[in-house]
Amino acid sequence: MYKVDLPVDESALRAVERRRAAEAERKKRIFNSRARVIGVDLRALHKQREEKQERLEMDKQRDMAHDLLRLSLDESAMQQKKEEEEQRRELAQNLVQYRAIHQRAEDSRDADVNYIRQAAPDASISVSDSSLGPASMQVFLGEGMNENEKKRAQMEMNERNLRAQKEEREKQEREQKNRELLTGRELVEKDLRAVQLNALEEECKRAAHIALSHYNQAQAEERMEREQQERLRREGEELAEMRYMVTSDLLTERPEAAKRKTESSAEGPRVLTDRWKGMTPQEISEIHRKREEQRLEKERLREMERQRDVAWDYHLTEQSRQQEREKNRDKELQRERRIQHDKYNQQLAREQQAHQQYLDKQLYTNRPTVHYFTQFGTSSR
């Protein structure tokens, strides 16, 4: 047999090294008391907290960017509006200046009608018309006729032109205003959404408040209705009682109360007012007797009530005394029980002290050394 040098299996060596590195990493993770948390993935929790902080920071920055963008848009809109108003003001001033320079009334085509001929009556012609030829005529045939109608027509035309210019200017202003509204509406819609949400919330609160107010009002009306019905019922009972008292035998003279009755009358028995003499002595004595019986009965009931109150007071006094005795007995039992418990605790303390002395002085006499503790925790398995 010849000896052959076989190549070493490096995969096995790498596997051994990998297992050793994994074991070292496991020991480092297990025996590190600061990083070891049973049942909780601390790194995942830290990662979640960092992700949440990053998300909150991104939301905060986005909100700040939106606020800055909204402010810049508002400022640009205000600046644009201000520039447009300045441009309109400059255009109006230029238009007024242009009209004052290039559209003067004395430079118009009808200036001779409005200005030159206004001074014509003041001018005097020294030469007569008969002595002048056709080329020297100063007033022609037909000139000056219907001058008022021409002026009126010219004024109406000027009014129509001015009205058309005014309508054109109003139309341009409306178009400009519409353009401004369209440009401003996009900026207003963003704030309008928040306003609408707040308005809806306020409307919901207002509706809830109104519903609660209506409910309370209905409850109050129902209570008032019950009180009114109760008042009407009491008034009806009082009126009925009053009517009964008025029509009762106590205040009326019944036919039976008379001594004699008319038997021949077709109307039946009636009260003999001329013969009524009041009650008889028997009836009066009967009333006094009944009154005396009621008084005696009332006295008897009052005496029974007094005796019952006395008996009840005596019973309450006896019951309170019994409770006081029971309370004192319970206090005495608690005091004795506490004394027995203290004695038992003292006995247990003495037994524990004796047992601890036995353990310290007799049982555990061989103290472990440092080498005894180093043999534990050397492997992760």
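Located above this text is the structure these notes cover.
All figures in this text were calculated on a predicted structure; none of them were measured in a lab.

K.L.:
I would appreciate a short explanation of empty space enclosed by the protein in the present structure.
P.N.:
Counted by the stated rule, this structure contains one cavity of 30 Å³ or more. Its boundaries defined by the atoms lining it, the largest cavity holds a volume of some 40 Å³. As for the largest cavity, its lining consists of Arg-70, Leu-73, Asp-74, Leu-187, Lys-190 and Asp-191. Of all the secondary-structure elements, those providing two or more residues to the lining of the largest cavity are helix H2 (42–102) and helix H4 (147–247). The residue inventory of the lining of the largest cavity, partitioned by class, reads two nonpolar, no polar and four charged.

K.L.:
Looking at this model, I keep getting lost on the pattern of salt bridges. Mind explaining?
P.N.:
Note that side chains of opposite charge can pair when their charged atoms are close. Under the definition given, this model contains 22 salt bridges. Each of Glu-230, Arg-233 and Glu-237 takes part in one network of salt bridges that share partners.

K.L.:
Even after reading the chapter, I still don't get the packing of H2 against H4, so can you show me in this structure?
P.N.:
A packed helix pair is summarised by two numbers, namely the angle formed by the two axes and the spacing between the axes. Where H2 meets H4, the closest approach of the two axes is 10 Å, and the angle between their N-to-C directions is 170°. The orientation of H2 with respect to H4, classified from their angle, is roughly antiparallel. Facing Arg-70, Leu-73, Ala-77, Glu-84, Arg-88 and Arg-99 of H2, the residues of H4 in contact are Gln-165, Gln-176, Glu-180, Leu-187, Lys-190 and Asp-191. In the contact of H2 with H4, the residues fall into three nonpolar, two polar and seven charged.

K.L.:
How do you make sense of a nonpolar patch on the surface when you look at a structure like this?
P.N.:
Residues Val-188, Leu-192 and Val-195 make up a contiguous nonpolar surface patch of about 240 Å² in total accessible area. Looking at the element boundaries, Val-188 is found in helix H4.

K.L.:
Would you mind going over the layout of surface pockets with me for this structure?
P.N.:
To find leftover empty space, a probe the size of one water molecule is rolled over the atoms. Within this model, the second largest pocket holds a volume of roughly 580 Å³. Contributing elements (two or more residues each) for the lining of the second largest pocket: H2 and H4. Sorting elements by how many residues they give to the lining of the second largest pocket places H2 first, with eight residues. For the lining of the second largest pocket, the residue count by class is four nonpolar, four polar and six charged.

Definitions and limits used
- Residues numbered from 1 in each chain as written.
- Predicted model: local features only at pLDDT ≥ 70, side-chain atom pairs only at ≥ 80, totals over all residues.
- Heavy atoms only, no water.
- 1 Å grid on protein atoms, 1.4 Å probe; cavity = no way out; pocket = protein on both sides within 12 Å on 5 of 7 lines; lining within 4 Å.
- Points joined across faces, edges and corners; volume = space filled by probe spheres on them.
- Helix = DSSP H or I, 4+ residues; strand = E, 2+ residues; numbered from the N terminus.
- Nonpolar A, V, L, I, M, F, W, Y, C, P; charged D, E, K, R; others polar.
- Salt bridge = Lys/Arg side-chain N within 4 Å of Asp/Glu carboxyl O.
- Axes fitted to C-alpha atoms, helices over the stretch in contact; angles between N-to-C directions.
- Parallel < 35°, antiparallel > 145°, perpendicular 65-115°, else oblique.
- Contact = heavy atoms within 4.5 Å.
- Patch = residues over 30% accessible without salt bridge, like charges linked within 9 Å, V, L, I, M, F, W, Y side chains within 5 Å.
- Areas by Shrake-Rupley, 256 points an atom, 1.4 Å probe, with all protein chains shown as cover.

By themselves, these observations are geometric and do not establish any function.
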